[in-house]
Number of protein chains: 6
Amino acid sequence: MRIQVVNPNTTETMTATMGACARAVAAVGTTVEAVTSPMGPASIESHYDEALAVPGLLRVVAAGERDGVDGYVVGCFGDPGVDAARELARGPVIGIAEAAMRTAVLLGRTFSVVTTLSRTAGRAWELAARFGLAAQCRQVRACEIPVLDLERPGSNAEHRITEECRRAVAEDDADVVVLGCAGMADLCARISAAVGVPVVDGVAAATKMVESLVALGLTTSTRLEFARPPTKPYTGLLSSFSLETGATI
Amino acid sequence: MRIQVVNPNTTETMTATMGACARAVAAVGTTVEAVTSPMGPASIESHYDEALAVPGLLRVVAAGERDGVDGYVVGCFGDPGVDAARELARGPVIGIAEAAMRTAVLLGRTFSVVTTLSRTAGRAWELAARFGLAAQCRQVRACEIPVLDLERPGSNAEHRITEECRRAVAEDDADVVVLGCAGMADLCARISAAVGVPVVDGVAAATKMVESLVALGLTTSTRLEFARPPTKPYTGLLSSFSLETGATI
Amino acid sequence: MRIQVVNPNTTETMTATMGACARAVAAVGTTVEAVTSPMGPASIESHYDEALAVPGLLRVVAAGERDGVDGYVVGCFGDPGVDAARELARGPVIGIAEAAMRTAVLLGRTFSVVTTLSRTAGRAWELAARFGLAAQCRQVRACEIPVLDLERPGSNAEHRITEECRRAVAEDDADVVVLGCAGMADLCARISAAVGVPVVDGVAAATKMVESLVALGLTTSTRLEFARPPTKPYTGLLSSFSLETGATI
Amino acid sequence: MRIQVVNPNTTETMTATMGACARAVAAVGTTVEAVTSPMGPASIESHYDEALAVPGLLRVVAAGERDGVDGYVVGCFGDPGVDAARELARGPVIGIAEAAMRTAVLLGRTFSVVTTLSRTAGRAWELAARFGLAAQCRQVRACEIPVLDLERPGSNAEHRITEECRRAVAEDDADVVVLGCAGMADLCARISAAVGVPVVDGVAAATKMVESLVALGLTTSTRLEFARPPTKPYTGLLSSFSLETGATI
Amino acid sequence: MRIQVVNPNTTETMTATMGACARAVAAVGTTVEAVTSPMGPASIESHYDEALAVPGLLRVVAAGERDGVDGYVVGCFGDPGVDAARELARGPVIGIAEAAMRTAVLLGRTFSVVTTLSRTAGRAWELAARFGLAAQCRQVRACEIPVLDLERPGSNAEHRITEECRRAVAEDDADVVVLGCAGMADLCARISAAVGVPVVDGVAAATKMVESLVALGLTTSTRLEFARPPTKPYTGLLSSFSLETGATI
Amino acid sequence: MRIQVVNPNTTETMTATMGACARAVAAVGTTVEAVTSPMGPASIESHYDEALAVPGLLRVVAAGERDGVDGYVVGCFGDPGVDAARELARGPVIGIAEAAMRTAVLLGRTFSVVTTLSRTAGRAWELAARFGLAAQCRQVRACEIPVLDLERPGSNAEHRITEECRRAVAEDDADVVVLGCAGMADLCARISAAVGVPVVDGVAAATKMVESLVALGLTTSTRLEFARPPTKPYTGLLSSFSLETGATI
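As a starting point, this report considers the structure included with it. (Residues numbered from 1 in each chain as written. Chains lettered and ligands numbered in written order. Predicted model: local features only at pLDDT ≥ 70, side-chain atom pairs only at ≥ 80, totals over all residues. Heavy atoms only, no water.)

## As for the interface of chain B and chain A
Logical step 1: Contacts between the two partners involve 47 residues from chain B, matched on the other side by 47 residues from chain A.
Logical step 2: Carbon and sulfur atoms supply 60% of the area buried between chain B and chain A, which totals about 3900 Å² over both sides.
Logical step 3: Among the residues chain B hides against chain A, the three largest losses belong to B:Tyr48, B:Arg119 and B:Leu237. Together they make up 21% of the total.
Logical step 4: Seen at the junction of chain B and chain A, the total is 8 salt bridges.
Logical step 5: As a salt-bridge pair, B:Glu126 and A:Arg130 come within 3.3 Å of each other at their nearest N and O atoms.
Logical step 6: Counting across the interface, chain B meets chain A through 30 residue pairs in polar contact (both at pLDDT 80 or more).
Logical step 7: Sorting the residues of the side of chain B that touches chain A by element identifies β3 (40-41), α2 (47-66), α3 (82-88), α5 (121-130) and β10 (234-235) of chain B as the ones contributing at least two each. (Contact = heavy atoms within 4.5 Å. Buried area = accessible area lost by both parts, 1.4 Å probe. Salt bridge = Lys/Arg side-chain N within 4 Å of Asp/Glu carboxyl O. Polar contact = N/O pair within 3.5 Å; in protein donor to acceptor, adjacent residues only side chain to side chain. Helix = DSSP H or I, 4+ residues; strand = E, 2+ residues; numbered from the N terminus.)

## Quick word on the relation of the copies chain B and chain A
Logical step 1: For the match of chain B to chain A, the screw axis carries a shift of 0.0 Å, the RMSD comes to 0.0 Å, and the turn is 180°. Taken together, the rotation and translation describe the operation of a two-fold axis.
Logical step 2: Interface overlap between copies is the fraction of interface residues in one copy that are interface residues in the other; for chain B against chain A it reaches 100%, indicating a shared surface. (Least-squares fit on C-alpha atoms with pLDDT ≥ 70 in both.)

## As for the pairing of strand β6 (residues 111-115) of chain A
Residue and element names in this part refer to chain A.
Logical step 1: Taking burial as the measure, the 5 residues of β6 include 5 buried ones, the bulk of the element.
Logical step 2: Side chains Phe111, Val113 and Thr115 of β6 all project onto a buried face; the interleaved residues Ser112 and Val114 project onto the opposite face, where all are buried too.
Logical step 3: By the bridge criterion, 5 bridges tie β6 to strand β7 (residues 137-142) in an arrangement that is parallel. Its bridge partner being in β7, Thr115 is matched across the sheet by Ala142.
Logical step 4: Note that the unit made of β6, helix α5 (residues 121-130) and β7 has a crossover that is right-handed.
Logical step 5: Inspection of the sheet shows β6 paired to strand β8 (residues 176-179) by 4 bridges, in the parallel sense. Within β8, the position partnered with Ser112 by the bridge is Val177. (Buried < 20%, exposed > 50% of the residue type's maximum accessible area, 1.4 Å probe, protein only. Pairing = 2+ DSSP bridges. Right-handed = clockwise from strand over helix to strand, strands pointing away.)

## What to know about the pattern of salt bridges
All names here are of chain A.
Logical step 1: Considering all chains together, one arrives at 153 salt bridges over all chains under this definition.
Logical step 2: Across the pair Arg152 and Asp149 runs a salt bridge, and its minimum N-O distance is 3.2 Å.
Logical step 3: Since its relative accessible area comes to 42%, Arg152 is described here as partly exposed.
Logical step 4: Overall, Asp149 belongs to the partly exposed group, its relative accessible area being 22%.

Structure, rendered in structure tokens:
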């Protein structure tokens, strides 16, 4: 089984982190490929970044389909482009926010999200509501660390994230903590040990979800909404995204 | 006051229809400009199309901001890119689904949506839920007319849409009907006369909403989520979308 | 177009404030008439007051209908009698709580209400839930100023309301503030400047909503619920409210 | 213990029916008084009627308070004026819609309401939502019998209501049926026998609820919202409703 | 009328407390029998205890049915086994959490629950959601007193519970307090006097609810879900629970 | 990794079916043990059966804990005893209803459940609501086949279930079908091929979920609610379930 973990931003070091976290949990027989988006923003910290990360994600998925990939993880906590990618892919496509939140509720009654910048909290709440989990999400907390600083020596990121997770338990009465950024994936086990509750990283969780669905022989329903899109002309800068016969997007 | 009605697909005739519908309801002193997206799909009928309609929309809004536009209507019933556009625009940005559904509930207890293809019904339900209106949305009905056929002679579109609206009243017990596609904007009054309940077109409704917000001196809160996005490098096909100093997206 | 802003309490100075706020935002060609209820409580601060404000409101609307009024604003934040008035009026009827809350969610993800007495907070929550906006309403805050003190020199009302709005932003994480009393309508712009987020006054917002609906040719659905009421005898003190043929309520 | 069943319309025969149904279930030691509103509509079939039924109800409750009544049933399925009456009464006040729906969910997972005119269905749905029971209310059905025809010989009311209750079970999958009008109170047992599921009449249910609360020593919380209203001048036709010192409303 | 208050734990002193509280509110003509479970845990403080309290409860109800009991109160705030008991009993079965929460919302807009151990709070929230009352439940508070310590001299239980109730009013803005354990039933009146809002004990509330339903001639719908269970073999330790013909469970 | 699939009824053939279905999807390195409850009902078709299936389930889990089992699947679509089992187990415990419904929503916007007897539909709806998925569950359909008839030659079970699944797609507009009984686990692939949408079996889905959680190093939060239960005496028939020191339940 081949799973691609797609980093929808263009920062290769984050892709590497995600790939390592996914591989660490993959089953024997699962190959994990971590792929960086070929276009768009260096990190995703706004609705604007998120929207402009989608074309690159779709290009990666289209290529993966030509190449026989079995399923995809979308490695950004805003779950950008997941529905569009589901229309392209034969196999399952799972965003890390959906994976992390749906995993958290298997582990306790309530969870809090600890994310990077507070400007992204609104999107996390919106996703929790869309997943039917708003009542179980106690809080979305930000540690105000820009995404690319997560890896910057001297940012003190791990300490600050750990402290925010501790507050999630103490102040929000959360049974579980969800890490709200793919760039935090490698911190999961250490923070869990420090704060004493399960801490969920969406990259690893989504990898297991995709792997499970493939093993179960299940994939996105192609009945109506997620069937292959109708083809049509695309123009301008995005003309190469047309799905018309013969096109390679 | 200058309002732009942005058609996020690339079909000029639909832009013209939207512009005419918006101008027909604008107040004295309001200038309506109808603008076609410079890139992307010829019509929006899938999550894939919708995602790839957003870059063109954002380019239009960025240009509008340099040009002093006071507010924007996003003329596609999936409300693509509205949150991203709100981060760019000084003035209000309203999608036609949000405008139409929020207008419908001022007119009756329940509404049904009549849209083009049934594959788009899922997105309409998702938006209704996001707007807090799922309990009032009785049904999303499709007449299975592709978007670009709405204007094709011989498609019998008006008749088929009218019949579907009639069923919305008779079978769904809907007080109000919402037309679920910008391409239906010009049919509104005739259908309402035929079916005997208010029929809401989102293009006209959104135009009045934007105009009202500007008149009220109100615009998107820039407190956190919708503040100007952090700037950063963009690469590849989308490198021109970077908001870094000096860039013109 | 003629719009009536109806003050359902009997205090003329509040009517004058509402009229001025409505006129300040009305479009060219819109005439705003501010009308005081001919009966009932001097201010509305309880369910009891609210219930007894409705007969006067209905009398004003019935007179407006004989006189060709195009739409009505109900100028009390409890939205008293709106559904009953919709049954009488040919044109739209909008309460200021509905207008303010539905406007707030166009401007940000969350809002808080700042109102007069905390005993009225329950009704504001009930309305938010009815409008489908409970999840976006972060808090209803009271500054404990009786309605008629809003205009009393020495009540320090503006300062106290401004401070409560500031707490709404700082403590509730609200993107937008809604002023929860028609008597606060004139403070809107100054408070917004002071606290740095959009502040919505329902009187102005409702005026633009009614004006927009009239311009769109839309009015309350008369299909079932909001059709003209069945006529019947009325007796006692309220006998003059019978809608039977020939009656002038 | 003295309980008043208040008929908020002015039709004495309906009051008599309600009184009989309430007395049939009252405990030893409970005195039931059935009281007709001294003003307003002869029946309640619209929001307009409902609004104008409230002053009469409040006058009855105010008189009851002077007279030592222990609790009140509001005998109209729209629950008009219940919150206002709670501010006046020392003891509990229960509307028959609230009583009937809250009783129904003790008896099964789902219920349907069978009411008079379909124009009143919207209000029943609104109340179900307010009570937190919308998910359990499967349908609101109307038999299109005007309220005052319920008692008219030749209206065939019992047969038509029974048939509608049968459809509620067969088509809505309802475990329980709620009768949606005080005028149906006397049909309850016979319809239940005919259709084979519990059928709830709100008048009897509310009577037991009020009686139970009094027996439990419980009454409306007077903490904030339902405390005695602030007093103030009332003018015009309603001047006699002022609660100022010395007034007898 | 004969009502059984079933204590699903095996501690006789708690059964006696419940019986006394139920008898104190029962109507003339109602006989209250307090019955202790013949098997299982000495107190119920976990999901494990709750699950294992159900067989004893069912045995009591089965015996009660042979004996002509008219209705049952399930005296544990987790409402264990209520649905199963409803399948066995001809008359109504009410859990004290359902009774207490549904009574609380008749008395004010919001309530908080004060319970024993914080590990049980999750179950209380789950029940509030199931009853449609999550939006009205402001908080579930624990005073960290094990159930059997409620009656232990020196536990200072009454003082600690009263203080927690006081915080429910002051910090949660609760109109009403619900006591979250059958073992607190006798404290109700004193705490209400101390904190100034209605305080609801589920044992008394459920007793009146059962009594009311019996008086109304209403019982659980036997249409589908709550019909008598299909009979079948039971084996092992629980073989005596088979409902097959001739069996006495 | 060792996973136990626990059949909470006592029918060995159903245990064998579940074990085979679980093993068919388990990863290399995962050992699946299928275990039959040592006590209780032969099948689970009522709340009564469900309640009395829990003690046997807990006995199996307690034994598994002594024996080093890594995680458990609870093989009944009512998810009996899951919360109690979570308090006992070090590793994850997943019910097949939760697994199936949470898997279904990864594959489409809506799902319907096809179950055995319509008397169990209420419990399925209750679980959907508890999981936050009520809005996505379009219908719960029964084919009126008793559980033990699923395996009976001549019951025509597969045909009848397949037809019901077809109706779920055609009439409910469901993207995905969930099989609502562990006894249907082996039919999954054939029905999916027949009806053209993904069909989810909870036994397989839960097995992958437990396996994934173990691989991720995640287990139930032991912070408060799901911590090891307080120990105490148990008496009567269930005295062997006491968790007191030295006890082997």
